[in-house]
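Residue-level listing of the chains:
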Amino acid sequence: MRKELWFGLILMAIILAGTAYILPAPSEMTRGHLGLLMLALVVVTIMLGFPTAFTLMGMGMLFTWFAFDFNTELALDLMVQRTYGVMTNDVLISVPLFVFMGYLVERANLIEKLFRSLHLATAWLPGSLAVATLVTCAIFATATGIVGAVVTLMGLLAFPAMLKSRYDIRLSAGVITAGGCLGILIPPSVLLIVYGATAGVSVVQLYAGAFFPGLMLTGLYIGAVIILSWLKPSLAPPLPQAEREVKLSPVLAAISGEQRRPWAPMALLASAFGRSAVSRPRAFGEVALMIMPLATFALLMGLVYRGVTAPVEAADNGLHEIGTEESGSFESGGLEEPPMTGGLEEPPMEEGGLAEPPQESGGLSEPPAAPASPAPAGEAPAVAAAEATPAPAAFWWVLGVGVLGLVVFYAILNFQRYQVYRMLLQSFVPLSVLILAVLGSIVFGFATPTEAAAIGGLGGVLLAALYRQLNRRVLTESVFLTAKTSAMVCWLFVGSAIFSAAFALLGGQELIERWVLGMDMTPLQFMLLSQVIIFILGWPLEWTEIIVIFMPIFIPLLEHFEIDPLFFGLMVALNLQTAFLSPPVAMAAFYLKGVSPPHVTLNQIFTGMMPFMLIQVLAMFLLYVWPEIGLWLPHILYD
């Protein structure tokens, strides 16, 4: 019998034995104990291979029937109500649209060009192929969010290239599987949508919060690969010089041969403004491409400078006028806001209490021409002329680092590097426009996740058409896979709603809450306990089952321990990276095994994934110690 099967059977036996030990005798069982029994049976049944959604629905309906004292009508009514509640959840509309965008981007053959250009751009780094693979996975994950698609495609593109370059099989497998799993953390992630709908947390804030943790985890992966490749070059041999060469395009070859200058900026400028073998428009086009980083950086920093130095006078004037109406130093507001000058300040200053009604009723022209308003007229310019806010020190640091980076970039820009730069532009710019259109519209509040997902779906169609990959076969496959994935997610939600209702009716949730609260734990202890449980559940279960089954159990306890559900969701998203990497249900390993050469074994893939699981635990530790990594951006944008 295979080791994986033995592991699964032993794990199921442990669950059943633990459940039997905890539960009392059948004659002493309460409804809460029945809820715990249902939870254990669901986990074991899923491990046996039954479909998760229908297992949840079946167990939920059966135990709901028990909870309603065998009243079939009430049980069926609950099922209908829960199903209708799920289908009216607007957030779930974004799932098929994001999935559709991902499948179209996958089929646009954009990733192959991106991987090749990143490979050449990072050739000077130790483990350059592995670094290029991780960066490509992170970018692809941002555009798709589909783990299976990223792992499979990178297994076809990067795995043969790394094996050909004599990279260690375990390192290569770990890089591809860990990089592919970034799709469940980096927005637009389907996991975050499912968690948000389950926990009642804003998906927009989850997307904003997951951005920097995703970058942090990617950076930790890249840093670990570079250090390991530097310490042990045999694991990732450097590329031969022949493989680092790139063939110049005909235009660049003509310019470089004519100008005989190794420095590309000077040669391109001389070709554009002097005599050249290429046409003047082509030469100016190359110059425009060359200065694009400089122009983009200048535009971005200009917009940032305008934003951070803009005076904020309107809010202060309003507050001072209302709160300090008797002080007299802010009477200049009377010239700007007529309702204020005619209301609270003028009557006491003119006549007095008894004469006030006849003067207002008899002289309608007095409030607009208040005699008290000329007195503070000299002070009005001082209040109205707000000074610009000085730029913070962080802005000047970013500006200085950016300028230094541009100087280095242009100083080392020969024609070989310029050709790689052109390849990066051609492969990355269309994808970056799609990513910015989707994530930017969500994070900055221009569109809801559903509306942004619709933009992404349209962008995927346009990208496929731009790269001449939009045909009937691609469209049919994308729609079919989208319908399949969306149906799975929706049925999971229906099953989860019925299961959680049965669990609450039986008193299982109340029993667990009493048990946890009776342990008198601190917030740190509860966070450790919950994350360890989720980490262990990631071995036999997938992230979908963990979210829809166990999050409704943990979420009600967060308020007692004063834990932000947004922060808890980010910790869970980091933790559930392990669900794709931990055996025996390490789906990323099986995705890679399906497209790898025959001599690559599952044990080698599992061994290669283990160091990256430790890096994920380190990332969770860093996020817990410095929660601002995940909470800073949502607080800046939405508080």
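Residues numbered from 1 in each chain as written. Predicted model: local features only at pLDDT ≥ 70, side-chain atom pairs only at ≥ 80, totals over all residues. Heavy atoms only, no water.

Is there a simple way to explain the nonpolar core in this structure?
Generally speaking, a soluble globular protein has its nonpolar side chains buried in company with each other. By size, the foremost hydrophobic cluster in this structure holds 156 residues, and its most contacted members are Leu431, Phe568 and Leu576. The leading source of residues in this core is helix α28 (residues 543-558), at twelve residues. Excluding residues within four positions of it along the chain, Phe568 makes contact with Tyr195, Met527, Ser530, Gln531, Met551, Phe554, Ile555, Leu558 and Ile563. The next biggest cluster of nonpolar side chains, apart from the first, holds 22 residues, and it includes Ile255, Met290, Phe395 and Phe415. (Core = buried A, V, L, I, M, F, W, Y, C linked by side-chain atoms within 4.5 Å. Buried < 20%, exposed > 50% of the residue type's maximum accessible area, 1.4 Å probe, protein only. Helix = DSSP H or I, 4+ residues; strand = E, 2+ residues; numbered from the N terminus. Contact = heavy atoms within 4.5 Å.)

How do you make sense of a nonpolar patch on the surface when you look at a structure like this?
Where nonpolar side chains cluster on the molecular surface, the patch consists of Leu524, Leu528, Leu618, Phe621, Tyr624, Val625 and Trp626 and spans about 670 Å² of accessible area. Listing elements by their share of the nonpolar patch, those giving two or more residues are α27 (523-537) and α31 (602-625). No other element matches the four residues that α31 contributes to the nonpolar patch. Within the element layout of this structure, Trp626 appears in the loop between α31 and α32 (628-638). The partly exposed category is assigned to Trp626, whose relative accessible area is 48%. (Patch = residues over 30% accessible without salt bridge, like charges linked within 9 Å, V, L, I, M, F, W, Y side chains within 5 Å. Areas by Shrake-Rupley, 256 points an atom, 1.4 Å probe, with all protein chains shown as cover. Salt bridge = Lys/Arg side-chain N within 4 Å of Asp/Glu carboxyl O.)

I'm lost on helix α7 (residues 128-144) in this one. Help?
Note on helix geometry: an α-helix contains 3.6 residues per turn, so any two residues three or four positions apart are oriented the same way. With 17 residues, α7 extends 24 Å from end C-alpha to end C-alpha; this agrees with the ideal 24 Å at 1.5 Å per step. Burial runs high along α7: 16 of the 17 residues are buried. Just downstream of α7 lies Gly145, where phi reads positive at about 75 degrees. (Expected span 1.5 Å × (residues − 1).)

What is the right way to read the side chain of Thr177 from this model?
Following the sequence through the fold, Thr177 ends up in helix α9 (residues 169-180). In terms of polar contacts, Thr177 uses its side chain to reach the backbone carbonyl oxygen of Ala173, at 2.8 Å. A polar side-chain atom of Thr177 sits 3.2 Å from the main-chain carbonyl oxygen of Gly174. (Polar contact = N/O pair within 3.5 Å; in protein donor to acceptor, adjacent residues only side chain to side chain.)

Honestly, unusual backbone geometry in this entry has me stumped. Any pointers?
Most peptide bonds take the trans configuration, and most residues that are not glycine carry a negative phi. Pro188 follows Pro187 through a cis peptide bond whose omega is 0 degrees. Along the chain, the position of Pro188 falls in the loop between α9 and α10 (190-199). The phi angle at Phe70 is positive, at roughly 65 degrees, despite the residue not being glycine. Its place among the elements puts Phe70 in the loop between α3 (52-67) and α4 (72-87).

How do you make sense of the packing of aromatic side chains when you look at a structure like this?
Given two aromatic rings, one states the distance between the centres and the angle between the planes to describe the pair. Taken as a whole and judged by the stated rule, the model has 21 aromatic pairs. Between the aromatic rings of Trp65 and Phe70, the centroid separation amounts to 4.9 Å while the plane-to-plane angle is 80 degrees, which identifies the pairing as edge-to-face. (Phe/Tyr/Trp six-rings, centres within 6.5 Å; stacked < 30°, edge-to-face > 60°.)

Just to check I follow, could you spell out the confidence of the model for the protein for this structure?
Parts of the model with low pLDDT should not have their predicted coordinates read in detail. Chain-level pLDDT for the protein is 80 on average; 85% of the residues reach the 70-or-more range. For residues 340-346, every residue scores under 50 in pLDDT, and the model assigns this stretch eleven contacts once sequence neighbours within four places are set aside. Low pLDDT, under 50, characterises residues 349-356; the stretch is placed with eight contacts to residues that sit more than four places away or in other chains. (pLDDT = per-residue confidence, 0-100.)

Is there a simple way to explain the side chain of Thr133 in this structure?
Considering the arrangement of structural elements, one finds Thr133 in helix α7. When near neighbours in sequence (up to four residues on either side) are disregarded, Thr133 contacts Phe115, Met154, Ala158, Met162, Val175 and Ile176.

How do you make sense of α31 when you look at a structure like this?
The end-to-end C-alpha distance of α31, which contains 24 residues, comes to 35 Å, matching closely the 34 Å that a straight helix rising 1.5 Å per residue would cover. Its axis deflected by about 25 degrees at Met610, α31 carries its strongest bend there, up to four residues before the proline Pro611. (Bend = angle between axes of the 7 residues up to and from the residue.)

It is not clear to me how the state of the cysteines should be interpreted in this structure. Could you clarify?
Every disulfide links exactly two cysteines, by a covalent bond between their sulfur atoms. Applying the stated criterion across every chain yields a total of zero disulfides. No disulfide involves Cys137; its nearest neighbouring cysteine sulfur is the one of Cys181, lying 9.3 Å away. (Disulfide = S-S within 2.5 Å.)

Whenever I open this one, the packing of helix α16 (residues 292-308) against helix α22 (residues 393-411) confuses me. Can you help?
Pairs of packed helices are described in terms of their axes, by the angle between the two and the distance that separates them. It is at 11 Å that the axes of α16 and α22 come closest, and there the two elements cross at 175 degrees. Considered as vectors, α16 and α22 are oriented roughly antiparallel to each other. Two secondary-structure elements touch here, α16 through Pro293, Leu294, Phe297, Met301, Val304 and Tyr305 and α22 through Phe395, Trp396, Val398, Leu399, Gly402, Val403, Leu406, Phe409 and Tyr410. Split into classes, the residues belonging to the contact of α16 with α22 amount to 14 nonpolar, one polar and no charged. (Axes fitted to C-alpha atoms, helices over the stretch in contact; angles between N-to-C directions. Parallel < 35°, antiparallel > 145°, perpendicular 65-115°, else oblique. Nonpolar A, V, L, I, M, F, W, Y, C, P; charged D, E, K, R; others polar.)

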